[in-house]
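Next come the chains, spelled out residue by residue.
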Amino acid sequence: MNASTNLLDFDLEGLAAFCEALGEKRFRATQLFRWIHQRGASDFEQMTDLAKSLRGKLAGTAHVTALPVISQQLSADGTIKWLFDVGDGNAVEAVFIPEDDRGTLCVSSQAGCAVGCRFCSTGHQGFSRNLSTGEIVAQLWFAEHFLRKHLNRDERIISNVVMMGMGEPLQNYAALVPALRTMLDDNAYGLSRRRVTVSTSGVVPMIDRLGQDCPVALAVSLHAPNDALRDDLVPLNRKYPLEELLAACKRYLAHAPRDFITFEYCMLDGVNDQPEHAQQLVELVRSQGVSCKFNLIPFNPFPASGLLRSPQARVQAFARALGDAGIVTTVRKTRGDDIDAACGQLAGDVKDRTRAAERMAQRRTVVLHKARPGVAADATQEH
Ligand code: SAH
Ligand code: SF4
């Protein structure tokens, strides 16, 4: 234990253990957890219902620190993207997407990603490092309390979290699970399991573990109806091919808060968007008996991918083909694309340890605002 312990790194169980180590009762952790996550407090002196002696001990051993905000961009459609500094030249992004009936935060789990999908700009950057639990939670902590302050609202603003920012969450499992638990905890954000979604490219053993440890809604990035094509688009498929992946999805359903898995399918012009691909998908999910919904994602192109977005008519025809076979299918609305906040555009700024030379040549993210750690930037002034 030392003064550098960031309390954002703990779920309630972890915080209780920390309090015990300070010689305090475990229930003090609940009060502290509420101050931090429900009220957005970072100054122990503010926590007036904690004994002065405890506040003193906390000040000597711990802190509550968000990630420094490098930039903040507001889209014409109300989407907000934050770029956070995670040190050593690395940055990660989080995106807030407001809708009439919900507020969704898209959260990053890694600086870069080691999976290297062909159609993903994060994948093209390579992998730098895993985020800690505190760095994952800090994105939600900052966004929720920033928005409350700026919208002058006291109640919860973020109702949904999707782990669909940068990185493969199931390749950062140890940090992910306490972060999910904090999101779900009634003494913190109190989000419903159905409204917290882990999106994965298909890390089969970790899908099983998540089902045991912390079952939340699951989205699986499928993108191809057969192994040959998926091997090419999502290299992880060579390790965990479709049959194994779908079997894991089926097992997950026994624990999942929803009675279906969402399959994400990025529509790539001439690559995976033909009528025979839709047919193969129908056969695949039928033969494996996985209860599922499809979410077709219009591809967000970037030059290095060499890929193009499928024309809208083809996306609609694909959706119809799946729908006619009885599979509920939606087409994702693209949000925030004027600020590069749409799916797969989250490039952050990753110091690529694996493929430095291939690093994205042009990052179009404009730095609009610099803020000191923990100091909120002003969303209302930026377009
Ligand atoms: N690594 C996880 C979560 C992050 S990616 C995963 O792959 O599921 C979140 C979603 O964005 C995935 O479905 C991914 O396939 C999709 N995506 C990636 N790049 C994209 C792009 N350029 N256009 C549209 N969707 C993209
Ligand atoms: Fe990684 Fe997901 Fe991008 Fe693939 S789509 S490279 S798994 S972040």
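Residues numbered from 1 in each chain as written. Chains lettered and ligands numbered in written order. Predicted model: local features only at pLDDT ≥ 70, side-chain atom pairs only at ≥ 80, totals over all residues. Heavy atoms only, no water.

A.B. asks: Even after reading the chapter, I still don't get the overall build of the protein chain, so can you show me in this structure?
C.D. replies: Scanning the protein chain from terminus to terminus reveals eleven helices and 14 strands. Across the 383 residues of the protein chain, 56% fall into the buried class. In the protein chain, the share of contacts with a sequence separation of at least 24, taken over all contacts with a separation of at least 6, comes to 66%. Accessible surface computed for the protein chain: about 16,000 Å², of which carbon and sulfur atoms make up 49%. (Helix = DSSP H or I, 4+ residues; strand = E, 2+ residues; numbered from the N terminus. Buried < 20%, exposed > 50% of the residue type's maximum accessible area, 1.4 Å probe, protein only. Contact = heavy atoms within 4.5 Å. Areas by Shrake-Rupley, 256 points an atom, 1.4 Å probe, with all protein chains shown as cover.)

A.B. asks: What should I look at first to understand the sheet that holds strand β11 (residues 217-221) in this one?
C.D. replies: Strands in a sheet are paired, the pairing made by backbone hydrogen bonds, and the direction either parallel or antiparallel. The sheet built from ten strands is open, its strands ordered β3-β4-β5-β6-β9-β10-β11-β12-β13-β14 with mixed pairing. Each edge of the open sheet is held by one strand with a lone partner, namely β3 (69-74) and β14 (329-331). The mean angle between the axes of side-by-side strands here comes to 20 degrees, regardless of whether they run parallel or antiparallel. Relative to strand β12 (residues 261-267), β11 runs parallel, the two being bridged by three bridges. When the bridges of β12 are listed, alanine 219 appears paired with threonine 262. Here helix α6 (residues 173-184) sits on the sheet and contacts β9 (160-163) and β10 (196-200); the angle it forms with β10, its principal contact strand, is near 155 degrees. (Pairing = 2+ DSSP bridges. Axes fitted to C-alpha atoms, helices over the stretch in contact; angles between N-to-C directions.)

A.B. asks: What is the right way to read the confidence of the model for the protein chain from this model?
C.D. replies: Low pLDDT marks stretches whose predicted atomic positions should not be read closely. Overall, the prediction assigns the protein chain a mean pLDDT of 89, with 88% of residues at 70 or greater. Contacts for the low-pLDDT stretch residues 352-383, under 50 throughout, to residues beyond four places or in other chains number 70 contacts. (pLDDT = per-residue confidence, 0-100.)

A.B. asks: Just to check I follow, could you spell out the nonpolar core for this structure?
C.D. replies: Soluble globular proteins: nonpolar side chains tend toward being buried together. One finds Leu7, Trp82 and Phe263 to be the most contacted residues of the largest nonpolar core, which totals 116 residues. Here this core takes nine residues from helix α5 (residues 133-151), the largest share from any one element. With near-sequence residues (within four places) excluded, phenylalanine 263 lies in contact with Val220, Leu222, Leu246, Cys249, Val285, Val290, Cys292, Lys293, Phe294 and Asn295. (Core = buried A, V, L, I, M, F, W, Y, C linked by side-chain atoms within 4.5 Å.)

A.B. asks: Please clarify how the site of ligand 1 should be interpreted in this entry.
C.D. replies: Around ligand 1 sit 20 residues, and of these Phe119, Gly167, Ser199, Ser221 and His223 come closest. One nitrogen or oxygen atom from the side chain of glutamate 264 is found 3.1 Å from an oxygen atom belonging to ligand 1. About the coverage of ligand 1: the protein hides 96% of its 530 Å² of free accessible area. Of all the secondary structure elements, the ones that give two or more residues to the shell around ligand 1 are β10, β12 and β13 (292-298). Residue composition of the shell around ligand 1, by class: nine nonpolar, nine polar and two charged. (Near = heavy atom within 4 Å. Polar contact = N/O pair within 3.5 Å; in protein donor to acceptor, adjacent residues only side chain to side chain. Nonpolar A, V, L, I, M, F, W, Y, C, P; charged D, E, K, R; others polar.)

A.B. asks: Is there a simple way to think about helix α7 (residues 204-213) in this case?
C.D. replies: Considered for burial, the residues of α7 that qualify are Val204, Met206, Ile207, Leu210 and Gly211. Viewed end-on, α7 has its buried residues packed into an arc of 160 degrees, placing them on one side of the element. Elements in contact with the buried residues of α7: α6, β10, β11 and α9 (242-253). (Arc of directions from axis to C-beta.)

A.B. asks: When you look at the packing of helix α10 (residues 275-288) against helix α11 (residues 312-324) in this model, what are you seeing that I'm missing?
C.D. replies: Each pair of packed helices gets described by two things: the angle between the helix axes and the distance between those axes. At a closest axis distance of 9 Å, the pairing of α10 and α11 adopts a crossing angle of 30 degrees. Here α11 runs roughly parallel to α10, going by the angle between their axes. α11 is crossed by α10, and the crossing has right-handed handedness. Taking contact as the criterion, the partners of His277, Ala278, Leu281 and Val282 in α10 are, on α11, Phe318, Ala321 and Leu322. (Parallel < 35°, antiparallel > 145°, perpendicular 65-115°, else oblique. Left-handed = near helix turned anticlockwise from the far one by under 90°.)

A.B. asks: I'm lost on the pairing of β9 in this one. Help?
C.D. replies: Here is the key point about a regular strand: its side chains alternate between the two faces of the sheet. Residues Asn160 and Val162 of β9 are buried on one face, and the alternating residues Val161 and Met163, pointing to the opposite face, are buried as well. Taken together, the three bridges between strand β6 (residues 102-106) and β9 define a ladder with parallel strand orientation. Across the sheet, threonine 104 pairs through a bridge with asparagine 160, a residue of β9. Across three bridges, the pairing between β9 and β10 is parallel. Its bridge partner being in β10, valine 161 is matched across the sheet by valine 196. With respect to chirality, the unit in which β9 leads through α6 into the neighbouring parallel β10 is right-handed. (Right-handed = clockwise from strand over helix to strand, strands pointing away.)

A.B. asks: Any chance you could explain the packing of aromatic side chains here in plain terms?
C.D. replies: Each aromatic ring pair is characterised by the separation of its centres together with the angle its planes make. Tallying each qualifying case throughout the model produces nine aromatic pairs. Ring centres 5.5 Å apart and planes at 20 degrees place the aromatic pair phenylalanine 142 and phenylalanine 146 in the stacked group. One end of the pair, phenylalanine 142, and the other, phenylalanine 146, are both in helix α5, four residues apart, so they sit about a helical turn from each other. The pair phenylalanine 142 / phenylalanine 146 is uniform in exposure class, with both members buried. Within the aromatic cluster, the residues linked to one another by ring pairs are Trp82, Phe84, Phe142 and Phe146. Across from the ring centre of phenylalanine 260, 4.1 Å away, lies the NZ or CZ of lysine 293, which sits over that ring. (Phe/Tyr/Trp six-rings, centres within 6.5 Å; stacked < 30°, edge-to-face > 60°. Lys NZ or Arg CZ within 6 Å of the ring centre and 35° of its normal.)

A.B. asks: I tried to follow helix α2 (residues 28-38) on my own but got confused; where do I start?
C.D. replies: Note on helix geometry: an α-helix contains 3.6 residues per turn, so any two residues three or four positions apart are oriented the same way. Residues of α2 that are buried include every one of Ala29, Gln31, Leu32, Phe33, Trp35, Ile36 and His37, and no others. Against α1 (12-21), α3 (52-61), α5 and α6 lie the buried residues of α2. Among the residues trailing α2, glycine 40 stands out with phi positive, at a value near 75 degrees.

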